[in-house]
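Each chain, letter by letter, is given below.
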2 protein chains.
Amino acid sequence: MTTFYEAIEAIQPKPITQIQKVGLLDSINRVLAVDIASDIDFPPFNKATMDGFAFRFSDVDDTLKLKIADELFAGSNKDIALKPKDAVRIMTGAKVPEYCDSVVEFEAVTEKEGYIVSKKPPKKGSNIAYFGEDLKKGETVLKKGTLIKTNMVNLLAQLSCVSIKVYRKLKIGVITTGDELVSPGEPQKPSSIIDTSHYSLIAQINQFNQEAVDYGKLPDDLQTIEKTLDIATKTCDIVVITGGSSFGDKDYTADALNNIGAKILVRTIDMKPGRPTIIALKDNCYIVGSPGNPVSTFSVFRLFVGNIISKMLGCSDFDVRFLKCSITFDYNKKPDRMHFLPVDVRFDQNGYKAYKIPYNGSGDFSALSKANAFLAIPKEIQNARLADIFEFFFI
Amino acid sequence: MTTFYEAIEAIQPKPITQIQKVGLLDSINRVLAVDIASDIDFPPFNKATMDGFAFRFSDVDDTLKLKIADELFAGSNKDIALKPKDAVRIMTGAKVPEYCDSVVEFEAVTEKEGYIVSKKPPKKGSNIAYFGEDLKKGETVLKKGTLIKTNMVNLLAQLSCVSIKVYRKLKIGVITTGDELVSPGEPQKPSSIIDTSHYSLIAQINQFNQEAVDYGKLPDDLQTIEKTLDIATKTCDIVVITGGSSFGDKDYTADALNNIGAKILVRTIDMKPGRPTIIALKDNCYIVGSPGNPVSTFSVFRLFVGNIISKMLGCSDFDVRFLKCSITFDYNKKPDRMHFLPVDVRFDQNGYKAYKIPYNGSGDFSALSKANAFLAIPKEIQNARLADIFEFFFI
């Protein structure tokens, strides 16, 4: 059996190279496909960073006493000739006149009969952002593989990047299998199971800002599964297929993958939930076959599909990020598999603590809906004790 | 001057009551407008949670030796009559026959000539999810005010909630002001400033999954600003207006708000950046006037607009969440204002550490693009020292 870490290692997809141009506002949560270098020095001039008075530091002794000679607004392009001991009323964002090297803020001076006075002059160079201090022409400001976020928008707009080169979205196929599956609203038999994973997988794909391709729910029929997988792997970058990944009598995923010529890289993983997880490769398409239970499907997607997306787009933000927490309960398990346990993690004092959620195994979508994280309890652990430290990741 | 905490307290909007119905997949990142109760018991029958053999615990002594009488797949609705010492091959998700009370997994038994044998029988009740154990009919499973997330989708689909009642999106108006502002691509004068905040505000509104209403960029002209604010406050739930919130000669936001009959609740806040922040109320519309610099605009939006959205929609997820970190640098300031400093926070050992980013004040969009968090250094602090603990929030 493969360990979780070996399964992650087995995933080595060919990076995506196709580039798409999108508008600045549409680039949020997309992956930058090129390095972005600054084509400007910024500020483009010495700029006041406070409303106040610009002056020359050498004109000031122990006290500052200067004549208000003129005023400058942001956006004004006025040339000002100043004499020694002159000061200029200046607004935030305005260009500091060449004669001046410092700005004193309004609140620090008193104004009287055309003069300003202050007993505590500021330091030389105060309240000025100098030419080129924030950005230098030619400097790489955002690297290829960056997930574009809202805090990068000002920078991109400043560089007039209103059209941004990002990698195309990945096409991720969704297939659920099982004779027992019915869609919400469809007639049910007493032993029917609602195909909730279909919604949950598409929601997760949308959340990752990739493109879901829905191949519907299939009966437990080898030929149908094989045919659908064949079509899906020719269209998609990743295909997720749930149910049928185990070794039961109606589990056809592995057979279907073999029949279409996919290479099975991982057949089982010593983790819980998700032991019968299949990871396979057909041409450049990765196939992830997960057990049909909702918690397995959800966590397998988060762990492995997230990892494949990360590697295909060269951007680690899609991968789970393991943090550490102490646990507030005891937990006993066999030392045979890594457990991913849905928990409620809260920030308490200066660290994270995991709180227990009643959990009835991988079918328990109710526990999943209450969780905000998965605790990762390593394979070799048998008795986890209150206050022990483990890794976890937020959902 | 108002403290940050007093400014947050001053925000007491009327909660939104208008409800909209959206499809399950469109409900992600929307706020639930009603409590959702379960209309089912789940599991609807005693259900196998592993592939294995169902049996009756009292048929087993020290060793388990049972005859394989039949088999059951998930979705099968077969009635099975069992005799003492019979076992049934059963797949995950299938209904456990009435006669049985335990399931032993495949891996724990050896199969031989129609019988299964195991030297270590599992505990009574193993590997069964009992009727109603996960969900009880009538139980409230998701509360009004919940931000719907991907991990709740299975539950909602299970309850056939394919159409979900959520609060309507808030309309958030965006106005930037300043004679110096030009849009990216427009002809520039040497002292022009690119209106980057316009993009950044709309990106932040989109990220919150609310509706941006763009009122464009306005010159420093009282009448134009007044007229636009009047229209915007009649249409929107929140209006953000940047630039002109200070006390400079061309700062018209406060005058315009007074002229349209808005009530100014907060005029300045002892924080940096964002001291000249205005919070006002006109009928049910909140107006947030922030200084025009990109970092001020960004952080004021995150702190105050996020808080207004939280309160209007009854959902705290839009609010900043303060966590704690230790700092890896010294930081000196005047003890007059709370500082929000863009930093890079990393999880290191078991806690968060804040790393310094070169920062040139509130105009420094370059620092903002490198930050993943804002450190909050309280007003009264003068000398923050390496390893001191402060609050921060992720962007």
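What counts, and at which threshold
- Sequence order as written defines the numbering, with residues in each chain counted from 1.
- Labels follow written order: the first chain is A, the first ligand is 1, and so on.
- Confidence filtering applies because this is a predicted model: local features only for residues at pLDDT of at least 70, side-chain atom pairs given and counted only at 80 or more, and all residues used for totals across whole chains, interfaces and linings.
- Note that water and hydrogens are dropped before the side-chain values are worked out from all heavy atoms of the structure.
- Exposure is judged per residue with a 1.4 Å probe applied to protein chains only, and the accessible area is read against the type maximum: over 50% gives exposed, under 20% gives buried, and values in between give partly exposed.
- The numbering of helices and of strands both runs from the N terminus, where a helix is a DSSP run of H or I of at least 4 residues and a strand a run of E of at least 2.
- Following DSSP output, two strands are said to pair if at least two bridges run between them.
- Where helices are involved, their axes are fitted lines through C-alpha atoms of the stretch in contact, as for all axes, and angles between N-to-C directions lie from 0 to 180°.
- Whether two residues touch is decided by their heavy atoms; if any such pair falls within 4.5 Å, the residues are in contact.
- Take a side-chain nitrogen of Lys or Arg and a carboxyl oxygen of Asp or Glu: if they are within 4 Å of each other, that pair is a salt bridge.

J.: Even after reading the chapter, I still don't get the pairing of strand 6 (residues 86–90) of chain A, so can you show me in this structure?
T.: One face of the sheet, then the other: side chains in a regular strand alternate in exactly this way. All names here are of chain A. The element strand 6 is extensively covered by neighbouring structure, given that five of its five residues are classed as buried. By the alternation rule, side chains of strand 6 split into Asp86, Val88 and Ile90 and Ala87 and Arg89, which are all buried. With three bridges connecting them, strand 4 (residues 52–55) and strand 6 associate as antiparallel partners. The residue of strand 6 that forms the bridge with Ala54 is Val88. Note: strand 5 (residues 64–72) against strand 6, five bridges, orientation parallel. Directly across from Ile68, in strand 6, lies its bridge partner Ala87.

J.: What is the right way to read the sheet that holds strand 17 (residues 238–242) of chain A from this model?
T.: All names here are of chain A. Read across the sheet, six strands follow the order 16-13-17-21-20-18 without closing on themselves; strand pairing throughout is mixed. With one partner strand each, in any of the chains shown, strand 16 (211–218) and strand 18 (263–266) form the two edges of the open sheet. Neighbour-to-neighbour, the strand axes of the sheet open up by a mean angle of 20 degrees, direction not taken into account. As defined by bridge partners, strand 17 adjoins strand 21 (residues 285–290) across five bridges and the pair is classed as parallel. Each bridged residue has a counterpart across the sheet, and for Val240 the counterpart in strand 21 is Val288. The strands that helix 4 (residues 222–235) touches are strand 13 (171–177), strand 16, strand 17, strand 20 (278–282) and strand 21; relative to strand 16, the one it contacts most, it runs at about 175 degrees.

J.: Looking at this model, I keep getting lost on the pattern of salt bridges. Mind explaining?
T.: Pairing is possible between side chains of opposite charge, provided their charged atoms come close. In total, this model carries 34 salt bridges over all chains according to the counting rule given. Salt-bridge contacts for Glu111 of chain B lead to Arg89 of chain B; the nearest nitrogen and oxygen are separated by 2.8 Å. In this pair, Glu111 of chain B sits in strand 8 (residues 110–112) while Arg89 of chain B sits in strand 6 (residues 86–90), placing the two residues 22 residues apart along the sequence. Under the relative-accessibility criterion, Glu111 of chain B is labelled partly exposed at 46%. Since its relative accessible area comes to 16%, Arg89 of chain B is described here as buried. A salt bridge links Asp230 of chain B to Lys234 of chain B, with the nearest nitrogen and oxygen atoms 3.0 Å apart. Of this pair, Asp230 of chain B and Lys234 of chain B both sit in helix 4 (residues 222–235), four residues apart, which is roughly one turn of that helix. With relative accessibility at 23%, the residue Asp230 of chain B sits in the partly exposed group. Lys234 of chain B sits in the exposed class, given a relative accessible area of 60%. Salt bridges here are not isolated pairs; linked through shared partners, they connect Glu71, Arg89 and Glu111 of chain A.

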